[in-house]
Amino acid sequence: MNLLVTGGAGFIGSNYVRLVLKKHPQARISIVDALTYAGNLSTIRDVLASDRVKFFPGHIQDPCVIEGIIKSEQISHIVNFAAESHNDRSLLDSGSFIQTDVYGVHILLEATRKFKLERMLHVSTDEVYGSILEGAFTEQSPIEPNTPYSASKAGGDLQCRAHSISYQTPVVVTRGGNNYGPFQYPEKLIPFFATRLIDGKKVPVYGDGNQVREWVHVMDHCSGIDTVLHAGKVGEVYNIGDSNERRNNEIVKILLEETGRDESLVKSIPDPRKGAHDRRYSMTTEKTQALGWKPEHDFEKYLRDTVKWYKERQDWWRPITEIPAFQDFIKRFYGPTLGSDL
Ligand code: NAD
Ligand code: DAU
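Let me sum up the structure you'll find in this document. Only a predicted model underlies this, so the values are computations on that prediction, with no experimental measurement involved. (Residues numbered from 1 in each chain as written. Chains lettered and ligands numbered in written order. Predicted model: local features only at pLDDT ≥ 70, side-chain atom pairs only at ≥ 80, totals over all residues. Heavy atoms only, no water.)

Looking at ligand 2, there are 26 residues lining it, with Asp126, Tyr149, Asn178, Arg273 and His277 nearest. Glu127 is positioned such that a nitrogen or oxygen atom in its side chain is 2.9 Å from an oxygen atom of ligand 2. Here an oxygen atom of ligand 2 sits 2.7 Å away from a polar atom, N or O, in the side chain of His277. Contact with the protein chains removes 94% of the 690 Å² of surface that ligand 2 exposes when unbound. When contributions to the shell around ligand 2 are tallied by element, the ones reaching two or more residues are α4 (87–92), α7 (189–198) and β8 (203–206). For the shell around ligand 2, a count of residues per class yields nine nonpolar, ten polar and seven charged. (Near = heavy atom within 4 Å. Polar contact = N/O pair within 3.5 Å; in protein donor to acceptor, adjacent residues only side chain to side chain. Areas by Shrake-Rupley, 256 points an atom, 1.4 Å probe, with all protein chains shown as cover. Helix = DSSP H or I, 4+ residues; strand = E, 2+ residues; numbered from the N terminus. Nonpolar A, V, L, I, M, F, W, Y, C, P; charged D, E, K, R; others polar.)

The structure is reproduced here in structure tokens:
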């Protein structure tokens, strides 16, 4: 298998490359990544040491880049992680979300069709279903996204459906729950709070903090993606989650314990997502489990391990949080509510 991993310098993509290197000794991997604010070569320093991995800087929406790699590396499979991935940023400015999460997926689908690749897997998200107060979404549930980010993901996801129906493009889609684990960019709830608590800074809980997310360890998500890539049926969608529902407040409690901090560092702020803040995510995953996959990471143990990782790998995240672009975003998004606690 000659695999093209897009967005491989980001959180989930980099962990997926690690999984493939271990699980498929014959696989050769090309990574294409635009190295946006969320992509860092420091995230993939270890995998770049392998002579089975090549890195190509570039945007997925650039057909010259994608077609050039497919030809030179004789690519047989694509797994697409490349995306603008943060809801809060999409509320500030959503243009780049449309470019990458919709148009970029279109370019990858067209290349898959033109070069008759064996398979493309598109990594989508549970957020395309919107919020559910009771019960759980199945792969047949309606697509009702509520933020510019989730709407852009839904756009890419539905392009995959249309391509498989219109052109029989061999594409499969996965919809994952909230991931946690090493190398997550420190703007998302768990790494943002862990890194701030390590530094003794206040953490901003949106609204009442009782929003529920379904958490899945990044390596369980990656093994699910790999299972669907090889065993999923073309044109089908597969949910990947761990039925592990937690309120944000429960997560914060564990983060405080693991960093040795107390409630005085928790600041409840008016919800900056306003109406767009999905209350609860929940999915059924029987369809994916029927392919032979199951999640294996105990949430509380691995959440604590993740915090330990952030304590130990300050060499990885400090250069990221110290650059002006990161601090500018924090000021712009949290300035009005965190004020002097920034
Ligand atoms: P991330 O933001 O950490 O990484 C995204 C990567 O894509 C970065 O390396 C970035 O440089 C790269 N990228 C962005 N735009 C690009 C472009 N136009 N061309 C090439 N590369 C580009 O994101 P993540 O959390 O690793 O998420 C990966 C994928 O998984 C996304 O598609 C996301 O929607 C999906 N997903 C994420 C989660 C989660 O909890 N993080 C859950 C379900 C699904
Ligand atoms: O569900 C899958 C999605 O999970 C992925 O598609 C997205 O790429 C990923 O970012 C994630 O989206 P969320 O918006 O759920 O994740 P985030 O970590 O941004 O927020 C999780 C919850 O924590 C949410 O209810 C908002 C809340 N939150 C977040 C931040 C950053 C806070 O209360 N304070 C914060 O500062």
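Judged by pairing direction, the sheet is parallel, and its seven strands sit side by side in the order β3-β2-β1-β4-β5-β6-β10 without closing on themselves. Each end of this open sheet is capped by a strand with a single partner; those strands are β3 (53–57) and β10 (237–240). Neighbour to neighbour, the strand axes of the sheet diverge by 20° on average, direction disregarded. Pairing analysis gives six bridges linking strand β5 (residues 119–125) to strand β6 (residues 171–176), with the strands arranged parallel. Looking across to β6, one finds that Thr125 is bridged to Gly176. Helix-sheet contacts for helix α3 (residues 63–72) involve β1 (2–6), β2 (28–33), β3 and β4 (77–80), and the interaxial angle to β2 is about 170°. Sheet strands in contact with helix α8 (residues 218–231) are β1, β4, β5, β6 and β10, and its direction is about 145° off that of β5. (Pairing = 2+ DSSP bridges. Axes fitted to C-alpha atoms, helices over the stretch in contact; angles between N-to-C directions. Contact = heavy atoms within 4.5 Å.)

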